[in-house]
Amino acid sequence: MKNNESDCRVCGSIAKYIWSTKLLTHDVAYYECPQCAYIQTEEPYWLHEAYSSAINSSDTGIMVRNQSCMERILITLWMLGGKHQRVKDVAGGYGVLVRMLRDVGVDARWSDKYAQNLLARGFEDDGQHAFLATSFESFEHFVRPTDELKTLLESADSLLISTELAPDSTPNAKDWWYYGLDHGQHIGFYRHRTLNWMAGQFGMRLLSDGSSFHLFTRANINEFLWNQLIKRRKRLLKMAQKGLKSRTWSDFEMISRMSEK
């Protein structure tokens with residue numbers, strides 16, 4: 001028998017039971033918070049099964065998505081006036097995005113609690129404060145999202161994330177692919193109202209494309225302009241990259257020197 005209520009893992013209000021469904025091999029209850037509009041599973045006891053691999057096997061879009069994220073980061077850095085500043089990619093997976101960013105000249109660093117750094121070795125985060133932190137496709141995995149956001153915002157001036165916003169009308173279990181019932185790693189789902197509430201807790205502004213990408217910042221940049229530049233990013237990339245020098249060869253030289261020691 002599932003509980004009719006649960007504490008919201010974002011704002012601490014009482015979340016109401018909406019339905020149960022099969023997730024992996026478990027019957028899992030889902031709840032919705034009337035205060036911040038967050039949708040969450042019951043306390044996730046199955047994560048040791050879900051994370052037998054850090055990257056789920058059904059993620060066929062990983063490379064295309066990393067290219068898209070790299071372009072959005074370049075445009076965001078350009079708008080924030082920080083393309084020569086440090087970027088920290090949190091939940092960076094195998095290091096694909098960090099390598100892509102360094103190849104176009106961005107001082108990007110890798111961080112991930114669970115995945116092995118395969119492609120950006122030697123460029124792990126060293127704890128230095130970053131101009132911009134990024135965390136893509138991770139917020140739906142967080143058990144305590146507000147705590148995670150606090151940690152991320154303490155490590156950087158601004159934060160760019162991606163997570164699919166839930167429709168205003170809560171989808172049934174079988175009607176929204178983002179629930180991720182096949183892999184069990186997605187345990188919380190946001191609406192604009194949820195992210196805006198979270199931003200307010202830390203004195204940040206929220207800029208959002210209304211769908212997938214969201215920027216927490218104190219910088220006074222225009223949300224409409226940010227979205228328009230992101231939409232036109234393919235045509236603007238050369239301008240956004242102006243003055244950047246690829247780190248591919250200098251990284252190779254540094255790694256070579258390290259291996260000789």
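Anything mentioned here points back to the structure above.
Residues numbered from 1 in each chain as written. Predicted model: local features only at pLDDT ≥ 70, side-chain atom pairs only at ≥ 80, totals over all residues. Heavy atoms only, no water.

> It is not clear to me how the pattern of salt bridges should be interpreted in this structure. Could you clarify?
Opposite charge on two side chains lets them pair, provided their charged atoms get close. In the structure shown here, the tally under the stated rule is 16 salt bridges. Note that Glu71 and Lys234 form a salt bridge whose closest N and O atoms lie 2.7 Å from each other. With Glu71 in helix H2 (residues 62-80) and Lys234 in helix H7 (residues 233-241), this residue pair connects regions lying 163 residues apart in the sequence. Residue Lys234 is classed as exposed on the basis of its relative accessible area of 59%. (Salt bridge = Lys/Arg side-chain N within 4 Å of Asp/Glu carboxyl O. Helix = DSSP H or I, 4+ residues; strand = E, 2+ residues; numbered from the N terminus. Buried < 20%, exposed > 50% of the residue type's maximum accessible area, 1.4 Å probe, protein only.)

> How should the environment of Asp126 be read in this particular structure?
Checked against the element boundaries, Asp126 lands in the loop between strand E6 (107-111) and strand E7 (130-136). Given the relative accessible area of 49%, Asp126 is considered partly exposed. In sequence terms Asp126 and Ser111 are 15 residues apart; their C-alpha atoms lie 9.0 Å from each other. Discounting residues that sit within four places of it in the chain, Asp126 has contacts with Arg86 and Arg109. Engagement of the side chain of Asp126 in a polar contact is seen with the backbone nitrogen of Gln128, the distance being 3.1 Å. (Contact = heavy atoms within 4.5 Å. Polar contact = N/O pair within 3.5 Å; in protein donor to acceptor, adjacent residues only side chain to side chain.)

> Sorry if this is basic, but what is going on with the side chain of Arg102 here?
Relative to the assigned elements, Arg102 resides in helix H3 (residues 96-103). For Arg102, a relative accessible area of 2% puts it in the buried group. The contacts of Arg102, once residues within four sequence positions are left out, are Asp107, Ala108, Arg109, Phe123, Ser246, Arg247, Thr248 and Asp251.

> Which parts of the structure should I look at to understand the sheet that holds strand E1 (residues 5-7)?
Strands in a sheet are paired, the pairing made by backbone hydrogen bonds, and the direction either parallel or antiparallel. The five strands lie next to each other as E1-E2-E3-E4-E9, forming an open sheet whose pairing is antiparallel. Because the sheet does not close on itself, it has two edges, and the strands there are E1 and strand E9 (188-189). In the sheet, strand E3 (residues 26-32) pairs with strand E4 (residues 39-41) via three bridges, with the strands oriented antiparallel. The residue bridging Tyr31 from the neighbouring strand is Gln40, located in E4. (Pairing = 2+ DSSP bridges.)

> Got a minute to help me understand the packing of H2 against helix H6 (residues 223-231) in this structure?
When two helices pack together, their arrangement is given by the angle between their axes and by how far apart the axes lie. Relative orientation of the contacting elements H2 and H6 amounts to 140 degrees, with a least axis distance of 10 Å. One way to sum up the angle between H2 and H6 is to call them oblique. As H2 packs across H6, the resulting crossing turns out to be right-handed. For the pair H2 and H6, the contacting residues are Arg72, Ile75, Thr76, Trp78 and Met79 in the first and Leu225, Trp226, Leu229 and Ile230 in the second. For the contact of H2 with H6, the per-class residue count stands at seven nonpolar, one polar and one charged. (Axes fitted to C-alpha atoms, helices over the stretch in contact; angles between N-to-C directions. Parallel < 35°, antiparallel > 145°, perpendicular 65-115°, else oblique. Left-handed = near helix turned anticlockwise from the far one by under 90°. Nonpolar A, V, L, I, M, F, W, Y, C, P; charged D, E, K, R; others polar.)

> Please explain the pairing of strand E10 (residues 205-208) as it appears in this structure.
A regular strand places its side chains on the two faces of the sheet in alternate fashion. With four bridges joining them, E10 and strand E11 (residues 213-217) adopt antiparallel strand pairing. Residue pairing in the sheet places Ser208 in a bridge with His214 of E11. Here E10 folds back onto E11, and the loop between the two strands holds four residues, one of which, Gly210, carries a positive phi near 80 degrees.

> Is there a simple way to think about the nonpolar core in this case?
For soluble globular proteins, the rule of thumb is that nonpolar side chains tend to be buried together. Membership of the largest hydrophobic core comes to 34 residues, with the highest contact counts inside it found for Ile73, Leu74, Leu101, Val106 and Leu132. Secondary-structure elements contributing two or more residues to this core are H2, H3, E6, E7, E11, H6 and H7. No other element matches the eight residues that H2 contributes to this core. Excluding its chain neighbours within four sequence positions, the residues that come into contact with Leu74 are Val104, Val106, Leu237, Ala240, Gln241 and Leu244. Counting residues in hydrophobic clusters, the runner-up holds 28 residues, among them Phe139, Ala156, Met204 and Phe216. (Core = buried A, V, L, I, M, F, W, Y, C linked by side-chain atoms within 4.5 Å.)

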